[in-house]
Structure formats: C-alpha cells, structure tokens
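Here is how the chains run, residue by residue.
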Amino acid sequence: VDEITGYIDDHTERGLTLLERLCRQPSISAQGVGLGEMAELVSDALTEYGVQAQILPAEKGPPLVYGEIAGESPHTLLLYSHYDVQPVEPLEEWTSPPFEPTRRDGKLYARGVSDNKGDLAVRLEAIAALRAVRGALPISVKFLVEGEEESGSPNFTPAVQKYADLLSADFCLTEGGHPSPDGRPGLGLGVKGLLYVELSATGAQIDTHSANAAVVPSPSWRLVEALASLRDGDGRVLLDGFYEAVRPLTTEEEEALRAMPDDSQELRESLGLDAFLDDLEGYAWRERLLTAPTCNICGLDAGYQGPGLKTVLPASAKAKMDFRLVPDQTPEEVLGAMRAHLDRAGYEDVEIEPIAAHERPVRTSLDDPWVRTAAEALEAYYGQAPTFTINSAGTWSMYTIVDALTESVFSTPGGPGYSGSRVHAPDEHIRMDDFGEAVKVTAFLLNHFGQQS
Ligand SMILES: [Zn+2]
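Scope of this entry: the structure provided in the associated data block. All residue numbers here refer to positions counted from 1 along the written sequence of the relevant chain. Per-residue local features of the predicted model are confined to residues with pLDDT of at least 70, and side-chain atom pairs are confined, for both listing and counting, to 80 or more; whole-chain, interface and lining totals are unaffected and use all residues. Side-chain calculation: all heavy atoms of the structure are included, whereas hydrogens and water are not.

## Concerning the nonpolar core
Core analysis: the biggest nonpolar cluster contains 67 residues, and Leu124, Val141, Phe143, Phe410 and Phe449 have the highest contact counts within it. When neighbours within four sequence positions are excluded, phenylalanine 410 is seen to be in contact with Phe171, Cys172, Leu173, Thr174, Leu187, Gly188, Leu189, Trp370, Val371, Ala374 and Met398. What is meant by a nonpolar core is a set of buried Ala, Val, Leu, Ile, Met, Phe, Trp, Tyr and Cys residues, joined one to another through side-chain atoms within 4.5 Å. Accessible area is worked out with a 1.4 Å probe on protein chains only. A residue is then buried under 20% of its type maximum, exposed over 50%, and partly exposed in between. Formed by 25 residues, the second largest nonpolar core is a distinct cluster that contains Leu230, Met321, Phe323 and Val334. Residue contacts are counted whenever heavy atoms from the two residues lie within 4.5 Å of one another.

As structure tokens, this is what we get:
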C-alpha cells in the first residue's frame, strides 16, 4: 500500500491535467450544451486509462458512457458518476471563466471540477495506480457515466434497463463524498423518493370582474381549501395509508442516526431561522429530517400579483407540490391516495397532474456485506469508524440501479471536493491536495473490495 501511495503522490499532476481537460468541455444538461462532445471526451479518457469504453445511445436524452476493466476478484464493482454540470449563471460572479480551469492558491476552479467530473478523474487515477504497482486491478470495475443527473435524470431509468445486462454488477458506488471537516468518513445508504404534482382548479372560462364574486365560483378558494384538507393542524398528512407504508427503523439504523453529529444549528443559522418546527434539534431533528415523509407546497399561482390592485376573480388557480417519500412508500400509491382523498372530500373537480418522473425511495441495508466491507476499509484508512446516513433528505434516481442492477448501492468518500467546494454555485473548486487524498482512499477501497471473497 505504501508503494501505491508513493505512485499516487508522483502522478497527481497527471490526474489534475485530466480533470482540467474534462472541465474545459461545457456539458450543461439543463441547456442541452456540449453533451455529445462530453460523452466522447469521457469515452476517450476511459480508453486512455486502459478501460474498454462504449458510448451507449439512449432512446431519449444524451447517451450513457460505459466502461469496463477486468480485475482479479470474481466480483464486479459498478462506479456511477455523471458528466453533465449545472448551468454557470450568474457568469459575472465567477473569478475566472467556468470552462477555463484555473489554479489559484492551491485550488482548482472550474464548473464540474467537484460535481462531478472530479470523481471520474480520481477513479481513473486509482485504477492506474493499482495496475502499475500491483500489476492488475484487485476487482473488476465497470463505469456508468450519465449525462442528465443535474436535470433530474429524466431518461436514466429506460436507458439503464435497456443496457442492464452490460451494466450488471455485484455492488455500486455512487458519487463520491468526502470526510466531515473533523476528518470522519461517512457512508451514504439511500435517498428519499419524490412525487411531484401540479394541482389545478378552474371556474368560469375567463377571468371576471370581482363584483361577480357573490355569484361566480372561485378556483382560488377551491384550491386552497383542497390543499388545506391534505394536512391537519399539526402538519400530519391526511392521505389514507400515507404513514402505513413507512418502514420502521431497525435498532441498528436508529443507532446510526444517534451516532451522527448534530449539525442542526448550522442549517438553522444559515437559514436565519429562530427555531425549526417543534423546536427540533439533535437526534430528534435528524430523525425527522431523514425519516419523515413530506407534503410541501412549492408554488402557488392564481390571479393578479403585480403592483397596486386589480379587482379580478381569476378563472384558474394552480399549485405545485412535492412529496418526499421514505421507504417503503411509492409515488404511485401516494398519487392514488391523493386522488381518492380529494374525491372523498368533495374536490373531484381539482385536477392532479404528475410532473417529471416518479422516484422511489431507497435505503440500502446496514447489513449489506459490501457496506460492511466498505465500513471496515474506511475505519482502517481513517482510524475512526464511519457514520452511516441511512438515507439522505434529498432525492436521486438510485432506485433505477437498485431495480435493474444491484441492491447494494451506496456512497463512500472518494470525491475530490470538500464542504466549501461551492458545487452548483459560481467559483466551484477543489483543493488540489484533496485530489490525491481522494485517489488514495479510492485505491484503498478497491484493494479491500478485492480481498472480499
Ligand atoms: Zn450536482
């Protein structure tokens, strides 16, 4: 392992140069910019590092990039990452142009340098180090690099299903994380699911003078009354069966939650809040954040909202809503329960239209053998036991991999970023010293995975 560390130290510049090359190519999925070119570039990079690469066209959306390289163990690890990036606006807030990678004060600045092109460069360098020093990879590795993650991966599920035979693996690492500021490593085991809908109420066929409010039905009132019927005064969601599908935490999962640091105050202060709901903090805050399903109103729209007044009775009202779901809720069941609830409550006329793909929640088992192996390796590497995030509060289409490829899906440290990397924001960057560290932990993990029989 010391020899591997030495090799990595000697080759950091090669990895950073690769990363700069990847970051020079714009690849903004939200704007459809540069995705085909980026897929080619990723495929070329894989090939240069001895990985057999293929561009896999999708029915819709940008292609997947696939790669494979054989190793000594009978097992195969799938490495997921994405080659698209977030839009770069506002441009004037960048110190150097987003697609001109720039080194300043030990940092490397560019859009995508941390999220998520850095992962690919780190993983390729880890593979190069292991092959150079050991003569072979300890475990077979497959790469799955998608091009629409930053736009919610709308075409990811059918594409992965189409190529499931090629992509199949024993377990999958998602985007790499990084240790907490105090150096503690973490494993991420899942995500919440998502149901996104638009509700609409309509009345007269045209907007009318509000003098007619005495006799004309109001879609705005109709909609807010329907919305109000979805929750009780304590915020509990009143859809039939909504909480029945919620899988209780195991003792081990509860312990994992208790072992996490309390960073509730950091978020509270960053939001300028005096208190969270119900004065939550510590374990109770963490438990609520990660295990409570939500029913949120994202936007409300009806009638006149400009300056001054306009006495109008609008013809329609709309609301956008998201439900963050936890295992084992499904978007389909919640959508069905919502329709049934509104019908029963007398709101048959309020329409529900799902927007975007339904996303199921995932919580990989703490007992999963690959999770255990990763935890052992991280404890050995960092000298302290990792924390386990049983699932994040956010959503990602992890269920696609669980359904089509393998149930053992999780994240480990191995991304080159840190908490200050400004991902999605102007001046995205990594600390260049972190790059080599990320390569080292990735190589250490691959070695450890290879020893697992
Ligand atoms: Zn991102």
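## With respect to the coordination of the zinc ion
At this site the zinc ion is bound by Asp115 (OD), Glu150 (OE), Glu150 (OE) and His424 (NE2), with donor distances of 1.9 to 2.5 Å. Considering all four donor atoms around the zinc ion, the spread of angles at the metal, 56 to 140°, places the coordination shape in the irregular class. Under the relative-accessibility criterion, glutamate 150 is labelled buried at 14%. Note on histidine 424: relative accessible area 41%, which makes it partly exposed. Water is absent from the atoms considered, so a metal site may look incomplete; donors are defined as N, O and S atoms within 2.8 Å of the metal, or 3.2 Å for Na, K and Ca. Every angle between 85 and 135 degrees makes a four-donor site tetrahedral, while opposite donors more than 155 degrees apart, with all other angles between 65 and 115, make a four-donor site square planar and a six-donor site octahedral; other sites are irregular.

## Points about the sheet that holds strand β6 (residues 140–146)
Ordered in space as β1-β2-β6-β3-β7-β18, the six strands form an open sheet in which the pairing is mixed. The outermost strands of the open sheet, each flanked by one partner alone, are β1 (52–56) and β18 (409–410). Note: two strands are recorded as paired if DSSP finds a minimum of 2 bridges between them. Per the convention used, a helix needs a DSSP run of H or I reaching at least four residues, while a strand needs a run of E reaching at least two, with both numbered from the N terminus. Pairing of strand β3 (residues 76–82) with β6 involves seven bridges; the strand directions are parallel. Looking across to β6, one finds that tyrosine 80 is bridged to leucine 144.

## Observations concerning the side chain of histidine 341
Inspection of the secondary structure assignment puts histidine 341 in helix α11 (residues 331–344). We classify histidine 341 as buried; its relative accessible area is 8%. Here histidine 341 is in contact with Ser229, Leu230, Leu238 and Leu239, once residues within four sequence places are set aside.

## Considerations on the pairing of β3
The element β3 is largely enclosed, with a buried count of seven among its seven residues. Both faces of β3 are covered, namely the face carrying Thr76, Leu78, Tyr80 and His82 and the face carrying Leu77, Leu79 and Ser81. Examined bridge by bridge, β3 and strand β7 (residues 171–173) share three bridges and lie parallel to one another. Opposite leucine 78, over in β7, you have cysteine 172 as the bridge partner.

## Structural notes on the packing of aromatic side chains
Aromatic contacts are taken between Phe, Tyr and Trp rings whose centres are within 6.5 Å, Trp giving its six-membered ring; a plane angle under 30 degrees counts as stacked, one over 60 as edge-to-face, and the others as tilted. Inspection of the entire model under this criterion finds eleven aromatic pairs. Plain terms: the ring middles of phenylalanine 171 and phenylalanine 449 are 4.7 Å apart, the flat faces sit at 70° to each other, and that makes the pair edge-to-face. Here phenylalanine 171, found in strand β7, pairs with phenylalanine 449, found in helix α14 (residues 432–451); they are 278 residues apart in sequence, far enough to count as distant. For phenylalanine 171, a relative accessible area of 0% gives the class buried. The exposure class assigned to phenylalanine 449 is buried, which follows from its relative accessible area of 0%. Members of the aromatic cluster, joined through ring pairs, are Phe171, Trp370, Phe410 and Phe449. Criterion for a charge above a ring: Lys NZ or Arg CZ within 6 Å of the ring centre, and within 35 degrees of the ring normal. The side chain of arginine 104 reaches across the aromatic face of tyrosine 109, ending 3.9 Å from its centre. One cation-aromatic arrangement involves arginine 236 over tyrosine 243; the distance from NZ or CZ to the ring centre is 4.1 Å.

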